[in-house]
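Observations on chain architecture
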Amino acid sequence: MINILFAAKPASWAEYEAPLRRALDDTGLAYTLSPDTNDPATVDYLVYAPNGPVSDFTPFTHAKAVLGLWAGVEGIVGNETLNIPLTRMVDYGLTEGMVEWVTGHTLRHHLGMDTHIFGQDGQWRDYVPPLARDRTVAVLGLGALGGACAQALAALNFNVVGWSRTQKDIAGVTCMSGPDGLDQTLVQAEIVILLLPLTTGTENLLNATRLDQLPKSAVIINPGRGPLIDDDALLAALDTGQISHATLDVFRIEPLPINHPYWAHPQVTITPHIASETRPDSSARVIAENIRRGETGEPYLHLVDRNSGY
Ligand code: NDP
């Protein structure tokens, strides 16, 4: 019997229980699944989210793996009580949601939609946007989410430049890597999309110097993590017009405090960390597949590299 603990937000148990049971039933494994346990030493797998009840893994003495429901792992990757494999979530629901959010917000800025949406005052504003082929969009981070967004934007004909730690090869996307690659990416990026994980190597990546490298009036779209951006530098760049707009989904402190200058800034759009949500049906399949792999000794999917931090 395999004992599985649902160690995510208690309120999400109701929506996850049935999809998890369906997916686990399909593996043919004998299991128990529960949102709590009287004896942590009997737990084999934890289905985990950082906003759930577990932060000390010490009592789970026989657990084989922690299976994360979130894509971002900055809240757990440095947890010293965790000494077993950690996987993160990559699934089509999360990816499709992110592609839709990123594409929508990119098109808003590319097409200058606000001109017409907020300008219904009797003035005939005949602003014609350039074609997507004449607009350069940079995607920083070309992993599961950034790679899919870059491909979707390329399919719309945008001139897409992507940047990652290791060199990638994605059809229709100019792929860059390394510090020089970042410089070459930023100098041409009219719209910048941040889909990097938060690590010591990416914190404050978009600082005053790098914001200055962008073409005048560039747009920032951040569905990655708040600390990727130096907030003071971004506010200063918004005030000078170096950055014409920032659409931000993620922040250093969430919910964003009511007195934060972003709320009042006319050139900032805030969405409340909803760019993409893990979906119970698709993520349950990934969890069940990883438990099946754990039981058969096959490598886990989406294993986190604790050294690189993502
Ligand atoms: P991946 O791990 O698949 O991709 C991360 C990408 O970032 C990779 O291309 C990686 O490079 C690159 N990268 C990492 N560190 C560096 C560095 N120092 N320099 C350059 N490139 C770097 O992650 P996902 O695509 O699945 O997710 C990305 C992030 O999106 C998550 O970490 C999370 O923070 C955020 N997210 C936000 C959500 C929201 O609702 N707002 C929802 C889900 C995720 P390489 O390929 O070479 O390893």
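Residues numbered from 1 in each chain as written. Predicted model: local features only at pLDDT ≥ 70, side-chain atom pairs only at ≥ 80, totals over all residues. Heavy atoms only, no water.

On the surface, L111, M113, I117 and F118 cluster together into a nonpolar patch covering about 400 Å² of accessible area. Structurally, I117 is set in helix α3 (residues 113–117). (Patch = residues over 30% accessible without salt bridge, like charges linked within 9 Å, V, L, I, M, F, W, Y side chains within 5 Å. Areas by Shrake-Rupley, 256 points an atom, 1.4 Å probe, with all protein chains shown as cover. Salt bridge = Lys/Arg side-chain N within 4 Å of Asp/Glu carboxyl O. Helix = DSSP H or I, 4+ residues; strand = E, 2+ residues; numbered from the N terminus.)

Take the sheet that holds strand β12 (residues 268–270) next. Strand order in the open sheet made by the 7 strands is β8-β7-β6-β9-β10-β11-β12, with parallel pairing throughout. Strands at the two margins of the open sheet, each flanked by one partner only, are β8 (173–177) and β12. Across the sheet, the mean angle separating the axes of adjacent strands is 15° when strand polarity is ignored. Of the strand pairs in this sheet, strand β11 (residues 243–248) and β12 are connected by 3 bridges, and their pairing is parallel. Bridging from a neighbouring strand, A246 pairs with V268 of β12. Contacting β6 (136–140), β7 (159–164), β8 and β9 (191–194), helix α4 (residues 144–155) runs over the sheet at an angle of about 170° to β6. (Pairing = 2+ DSSP bridges. Axes fitted to C-alpha atoms, helices over the stretch in contact; angles between N-to-C directions. Contact = heavy atoms within 4.5 Å.)

With that out of the way, let us pick up the side chain of S283. Structurally, the position occupied by S283 is in helix α9 (residues 280–296). Here S283 falls in the buried class, since its relative accessible area comes to 0%. Within the structure, the side chain of S283 is placed 2.8 Å from the backbone oxygen of R279, a separation counted as a polar contact. Apart from the residues lying within four places of it in its own chain, the contact partners of S283 are Y16, L69, M89, D91 and T278. (Buried < 20%, exposed > 50% of the residue type's maximum accessible area, 1.4 Å probe, protein only. Polar contact = N/O pair within 3.5 Å; in protein donor to acceptor, adjacent residues only side chain to side chain.)

Moving on: the site of the ligand. The environment of the ligand is made up of 29 residues, and the closest members are R88, L145, T166, K168 and Y310. Protein chains bury 92% of the 930 Å² of accessible surface belonging to the ligand in isolation. Elements supplying a minimum of two residues to the shell around the ligand: α4 and β7. In terms of residue count, α4 provides more of the shell around the ligand than any other element does, 3 residues in total. Tallied by class, residues from the shell around the ligand come to 13 nonpolar, 11 polar and 5 charged. Two domains share the shell around the ligand, each providing at least three of its residues, namely domain 1 (2–90 + 278–296) and domain 2 (92–270). (Near = heavy atom within 4 Å. Nonpolar A, V, L, I, M, F, W, Y, C, P; charged D, E, K, R; others polar. Domains from an automatic or database assignment.)

A separate point is empty space enclosed by the protein. In this structure the tally under the stated criterion is 1 cavity of 30 Å³ or more. Here the largest cavity is characterised by a volume of approximately 40 Å³. Taken together, Y48, A49, P50, G68, L69, W70, G72, V73, I76, L86 and T87 form the lining of the largest cavity. Counted by class, the lining of the largest cavity contains 8 nonpolar, 3 polar and no charged residues. (1 Å grid on protein atoms, 1.4 Å probe; cavity = no way out; pocket = protein on both sides within 12 Å on 5 of 7 lines; lining within 4 Å. Points joined across faces, edges and corners; volume = space filled by probe spheres on them.)

So, on to the domain arrangement of the chain. For the chain, the assigned domains read domain 1 (2–90 + 278–296) and domain 2 (92–270). Computed over C-alpha atoms only, the centres of domain 1 and domain 2 are separated by 33 Å. In this complex, domain 1 contributes 10 residues to the contact, which on the side of domain 2 involves 7 residues. Together, the buried faces of domain 1 and domain 2 total about 720 Å²; carbon and sulfur atoms form 62% of this surface. Counting the surface domain 1 buries against domain 2, the share from its top three residues, E74, V90 and S282, is 55%. At the junction of domain 1 and domain 2, the tally comes to 1 salt bridge. Between R225 and E74 there is a salt bridge; the shortest N-O distance is 2.7 Å. At the boundary of domain 1 with domain 2, the tally comes to 1 residue pair in polar contact (both at pLDDT 80 or more). Across the side of domain 1 that touches domain 2, the residue classes break down as 4 nonpolar, 3 polar and 3 charged. (Buried area = accessible area lost by both parts, 1.4 Å probe.)

On to the pairing of β9, then. On β9, burial covers both faces: I191 and I193 on one face and V192 and L194 on the other are all buried. Both β6 and β9 contribute to a ladder of 4 bridges, which runs parallel. Within the sheet, the bridge partner assigned to A138 lies in β9 and is V192. Both β9 and strand β10 (residues 218–222) contribute to a ladder of 3 bridges, which runs parallel.

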